[in-house]
Each structure stands twice: as C-alpha cells, then as structure tokens.
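# Notes for the structure review
Residue strings, one per chain:
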Amino acid sequence: MQRLLTGLQPSGALHIGNYLGVLRPFVNMYEKYESHLMVADYHALTTLKDPALLRQNILDVVRDYIAVGVDPKKAIIFQQSEVQAHTEMTWIFNTLITMSFLELAHAFKDKEARGLETNVGLFDYPILMAADILLYDTDVVPVGQDQKQHIEYAREVAGKFNAAYGDTFVLPKEQIIKDIAVVPGTDGKKMSKSYGNTIPLFGTREEIQKAVMGIVTDSKAESPENVYNIHRLFRSGESLATLYKENKGKYKVLKDTLIEDIEAVVAPMRQKRASISDADVKDILKDGGEKARERAEAKMKDVRQKIGVSI
Ligand code: ADP
Ligand code: TRP
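With 30 residues, helix H13 (residues 278–307) extends 41 Å from end C-alpha to end C-alpha; this agrees with the ideal 44 Å at 1.5 Å per step. Every buried residue belonging to H13 is among Val 281, Ile 284, Leu 285, Gly 288, Gly 289, Ala 292, Ala 296, Lys 299, Met 300, Val 303 and Arg 304, and all of these are buried. Looking at the buried positions of H13, the neighbouring elements they touch are helix H3 (51–67), strand E3 (75–79), helix H4 (85–94), helix H7 (120–134) and helix H8 (148–165). Within two residues after H13, Gly 308 carries a phi angle of roughly 95°, on the positive side.

Written out as structure tokens, the structure is:
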C-alpha cells in the first residue's frame with residue numbers, strides 16, 4: 001500500500017481554501033493509502049509565540065480534521081512535536097543542504113519581503129517539512145499550489161541523502177488538484193490566513209455571511225468575478241451558469257446564494273465538530289503519536305546506522 005501524508009499548521013482558524021485545497025482531497029483519497037495527517041505545531045512556532053493560543057489551535061485543528069470526515073481509526077492523526085525524530089532528522093538533513101539552496105524558497109522570500117521576522121526556524125522550514133514527509137516513506141503529499149516548492153525540496157533532500165549514504169528515502173510526489181490549487185480570497189488574491197481575506201471554514205453562519213458580503217465586487221462587471229470564482233467551487237456546471245446568467249448585476253442575490261451553498265456543505269460538519277470534546281482530541285493524539293513515533297523511530301535507527309553515529 002502506498003503512503004500518504006499531509007499536515008496543516010495550527011496557526012489560526014482554517015478557511016475554505018484549506019478545506020477545498022487540501023482537506024477535502026485528503027478525505028476523498030486517504031482510505032486507499034496508509035495515511036498520516038499531521039498537526040505541524042513546530043512549523044507554527046516559527047510565527048506564533050502565544051502558548052495559550054497555540055494550545056487552543058492544536059485542539060481546534062484536530063477537531064477540524066475529524067469534522068471534515070477523517071476517521072482516526074483509518075489515518076494516523078498526530079502532533080509533529082510528539083515525534084522527536086522530526087527535529088533530529090532535520091538536523092541531519094541540515095548538514096547536507098546549502099544556505100544558498102534554502103535562500104531560494106518562495107515562502108521565506110515572501111516573509112522577508114513583507115518585513116516579517118525571518119528567524120532561523122523560518123529559514124529552515126522546508127527541511128523540517130522534508131523530515132515530516134521522508135520519515136514515513138511517503139509516496140504522495142496532497143497540498144495546495146503554494147506548497148509545491150516545498151515538496152520539490154523534500155525530493156531534493158531525499159536525493160542528497162540517498163546519494164551520500166545509499167538508498168534510504170522514497171522520493172515523494174505532490175498531489176495538487178488542478179482546478180482548486182489556489183482558492184481565491186475575498187479580495188480575489190489567494191485565500192490565506194496571513195492576508196485577512198478568508199472565509200472561515202467553521203465560522204458561525206453570521207461569520208460566513210460577513211465574509212461573503214465582504215467579497216470585493218467590480219461594480220462595472222455584470223458578473224462579479226471574485227464571487228463567481230469562489231462560487232464555482234461549491235456549485236457546478238449548468239446550475240452555476242444559469243444562476244449567473246439570470247442574475248446579472250444582482251450581487252446581493254448571488255452572494256446570498258453563495259452563502260446558502262457554503263452553508264449546505266459546512267453546516268453538517270459544523271454540527272459534528274461541536275460534538276468533539278478536548279478529551280476526544282487528546283485521546284486521538286495520544287494514540288496517533290504512539291503509532292507515528294514507532295514508525296519514525298524505526299526509520300531513525302536505519303538513518304543513525306547509515307550516517308555512522310550508531311557505533
Ligand atoms: P495559509 O496560507 O492560510 O496560512 P497554510 O499555509 O497553513 O495556509 O496552508 C495549509 C494548506 O492549505 C497547504 O497545503 C496549502 O497549500 C493549502 N492552502 C492554503 N491556502 C489555500 C488556497 N487559497 N487554495 C488552495 N489551497 C490552499
Ligand atoms: N508547510 C505546510 C503548510 O504551511 C504544512 C506542512 C508541514 C506540511 N509539514 C508538512 C504539509 C508535510 C504537507 C506535508 O501548509
């Protein structure tokens with residue numbers, strides 16, 4: 001059986017871009033693989049330095065995973081920080097990778113360009129992500145378009161290690177769903193937690209309503225492009241075409257319909273989410289942590305042998 005792994009950072013409330021771009025594709029495919037769904041809490045630490053908020057976000061993101069339909073009996077759901085091998089492996093990979101190679105990373109360059117603190121962890125982010133992926137012999141990594149380069153890094157890292165110490169790591173492939181690789185936000189740019197242009201996945205109906213009403217509409221165009229580009233992800237084909245044809249220029253009607261279409265998808269998941277307690281989440285993470293640790297530790301044993309620290 002092939003192996004699947006993805007993860008999200010518990011750095012804020014998930015949005016419909018995260019859902020459509022990653023979580024829904026994961027849910028649609030994970031039962032056909034040996035699947036791992038990670039909470040990338042050490043990645044989040046590169047930008048989030050509020051312990052109470054981080055703790056809450058970790059619990060919430062696992063609740064989100066279950067609410068969107070991931071069965072913890074069929075996938076290993078775990079916290080990155082619970083498996084020490086990730087940071088250990090990162091160090092070993094660090095000794096094989098050059099600074100100039102990491103300097104090419106888009107995510108780092110973007111943060112630098114926006115004047116954010118570029119700590120060493122942020123710089124090394126792609127290597128920690130390579131460790132996340134490679135430790136589990138992952139074949140397939142479902143992600144949105146913005147993560148493509150990170151998977152390329154992971155392949156590069158695997159290749160470097162294999163060349164130096166012999167065949168050890170599987171070269172992973174990204175899985176990016178073409179039509180939804182970049183879900184647009186309320187301003188038409190990529191929806192992102194850091195751009196303040198999100199429609200929250202598990203907001204209340206009122207919060208979703210507020211976000212949709214805030215979608216920037218071009219007052220000249222008869223068909224509001226930003227609304228349409230989100231709407232096409234919730235309603236398809238003829239029904240969508242008819243709706244926009246019959247309501248030319250009626251932005252309020254179109255936005256109201258979009259709210260209803262989002263609600264139809266989200267409401268049942270929201271209900272399920274409300275029934276998942278903190279204790280449930282902790283049990284899931286305990287179990288997932290044990291399983292992930294066992295796998296990662298077996299890999300580390302092999303790695304320590306190969307690099308020559310096991311004497
Ligand atoms: P954000 O940009 O909101 O901080 P993350 O970087 O935490 O989101 O992304 C988590 C996952 O969700 C990644 O796999 C990423 O590719 C995907 N993702 C984020 N935003 C979008 C989007 N607008 N469209 C499609 N996928 C997205
Ligand atoms: N960098 C990813 C993001 O921001 C999160 C992540 C961390 C991840 N480790 C991963 C995604 C491993 C896939 C596989 O979305």
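With the rule as written, the count across this model stands at 9 aromatic pairs. Each ring, one from Tyr 228 and one from Tyr 244, has its centre 5.0 Å from the other, and the planes form 90°; the classification is edge-to-face. Taken together, the positions of Tyr 228 in helix H10 (residues 225–231) and Tyr 244 in helix H11 (residues 237–246) put the pair 16 residues apart, joining distant regions of the chain. Chaining the aromatic ring pairs together yields one cluster made of Phe 93, Phe 161, Tyr 165 and Phe 169. Its guanidinium or amino end placed over the ring of Phe 101, Lys 160 lies 5.4 Å from that ring's centre, counting from NZ or CZ.

Neighbouring ligand 2 are 14 residues, the closest being Gln 9, Tyr 125, Met 129, Asp 132 and Gln 147. Between ligand 2 and Tyr 125 there is a distance of 2.7 Å, counted from a nitrogen atom to a side-chain nitrogen or oxygen. The side chain of Asp 132 places a nitrogen or oxygen atom 2.7 Å from a nitrogen atom of ligand 2. Burial of ligand 2 by the protein chains amounts to 90% of its free accessible area of 360 Å². Every element with two or more residues in the shell around ligand 2 is listed here: strand E1 (3–8) and H7.

To continue, consider unusual backbone geometry. Of note in the backbone geometry, Asp 137 takes a positive phi value of approximately 50° without being a glycine. Within the secondary structure layout, Asp 137 lies in the loop between H7 and strand E4 (140–142).

Around ligand 1, the structure places 18 residues, and the nearest of them are His 15, Asp 146, Val 183, Lys 190 and Lys 193. Between ligand 1 and Asn 18 there is a distance of 3.0 Å, counted from an oxygen atom to a side-chain nitrogen or oxygen. Taken by itself ligand 1 offers 530 Å² of open surface, and the protein chains cover 93% of this. In terms of residue count, the dominant contributor to the shell around ligand 1 is helix H1 (residues 16–29) (4 residues).

A few words on the pattern of salt bridges. Enumeration over the complete set of coordinates arrives at 25 salt bridges. Glu 152 serves as the salt-bridge partner of Lys 148, at 3.3 Å between the closest nitrogen and oxygen. Note that Lys 148 and Glu 152 are positioned in helix H8 at a spacing of 4 residues, about one turn of the helix. Judged by relative accessible area, which is 30%, Lys 148 ranks as partly exposed. Overall, the relative accessible area of 33% leaves Glu 152 in the partly exposed class. Between Arg 270 and Glu 263 there is a salt bridge; the shortest N-O distance is 2.6 Å.

For E3, the buried fraction is high: 5 of the 5 residues fall into the buried class. Of the two faces of E3, the one lined by Ala 75, Ile 77 and Gln 79 and the one lined by Ile 76 and Phe 78 are each fully buried. The pairing of strand E2 (residues 34–39) with E3 spans 5 bridges and is classified as parallel. Among the inter-strand pairings, Leu 37 is bridged to a residue of E3, identified as Ile 77.

Calculation notes
Residues numbered from 1 in each chain as written. Chains lettered and ligands numbered in written order. Predicted model: local features only at pLDDT ≥ 70, side-chain atom pairs only at ≥ 80, totals over all residues. Heavy atoms only, no water. Helix = DSSP H or I, 4+ residues; strand = E, 2+ residues; numbered from the N terminus. Expected span 1.5 Å × (residues − 1). Buried < 20%, exposed > 50% of the residue type's maximum accessible area, 1.4 Å probe, protein only. Contact = heavy atoms within 4.5 Å. Phe/Tyr/Trp six-rings, centres within 6.5 Å; stacked < 30°, edge-to-face > 60°. Lys NZ or Arg CZ within 6 Å of the ring centre and 35° of its normal. Near = heavy atom within 4 Å. Polar contact = N/O pair within 3.5 Å; in protein donor to acceptor, adjacent residues only side chain to side chain. Areas by Shrake-Rupley, 256 points an atom, 1.4 Å probe, with all protein chains shown as cover. Salt bridge = Lys/Arg side-chain N within 4 Å of Asp/Glu carboxyl O. Pairing = 2+ DSSP bridges.

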